[in-house]
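Residue strings, one per chain:
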Amino acid sequence: MSNLDEMGKKVRKLQLRAGIAKMKLRDLAEDLPGKWTEIEEVAEETSAVFAELDRAKRELAAMKKL
């Protein structure tokens, strides 16, 4: 498997993780004000996943240009 294929696989996995994180954040918002103490933790996790996904997408795009 080439590096490009591996990076594509990584991006797809991160997209799945990002979707799950987004749904967790959305579900938490629907449970407000009951679970307000969890907002910061869930938001930080979601932000971290999306940042990792963004980096991976940029790296994949750079690899495709080569």
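Given the structure is predicted, the values throughout are model-derived calculations rather than measurements.

A. Fine view of the pattern of salt bridges. A complete count under the given rule lists six salt bridges for this structure. For Asp-31, the salt bridge goes to Lys-35, with nearest N and O atoms at 4.0 Å. Taking the shortest distance from any N to any O, the salt bridge between Arg-58 and Asp-54 comes out at 2.9 Å. On the criterion of helical spacing, the pair formed by Arg-58 and Asp-54 is a turn pair, its members being four residues apart in helix H2 (residues 39–65). On the accessibility criterion, Arg-58 (57% relative accessible area) is exposed. Here the salt bridges share partners, and the residues they tie into one network are Arg-26, Asp-27 and Glu-30.

B. Layout of the nonpolar core. If you look at the biggest cluster of nonpolar residues, it comprises eight residues: Met-7, Val-11, Leu-14, Ala-18, Val-49, Leu-53, Ala-56 and Leu-60. Where this core is concerned, the elements lending two or more residues are helix H1 (3–30) and H2. Setting aside residues up to four positions removed in sequence, Ala-56 forms contacts with Met-7, Val-11 and Leu-14.

C. Unusual backbone geometry, seen in detail. Leu-32 connects to Pro-33 through a cis peptide bond whose omega is 5°. Within the secondary structure layout, Pro-33 lies in the loop between H1 and H2.

Reading guide: rules and limits
Residues numbered from 1 in each chain as written. Predicted model: local features only at pLDDT ≥ 70, side-chain atom pairs only at ≥ 80, totals over all residues. Heavy atoms only, no water. Salt bridge = Lys/Arg side-chain N within 4 Å of Asp/Glu carboxyl O. Helix = DSSP H or I, 4+ residues; strand = E, 2+ residues; numbered from the N terminus. Buried < 20%, exposed > 50% of the residue type's maximum accessible area, 1.4 Å probe, protein only. Core = buried A, V, L, I, M, F, W, Y, C linked by side-chain atoms within 4.5 Å. Contact = heavy atoms within 4.5 Å.

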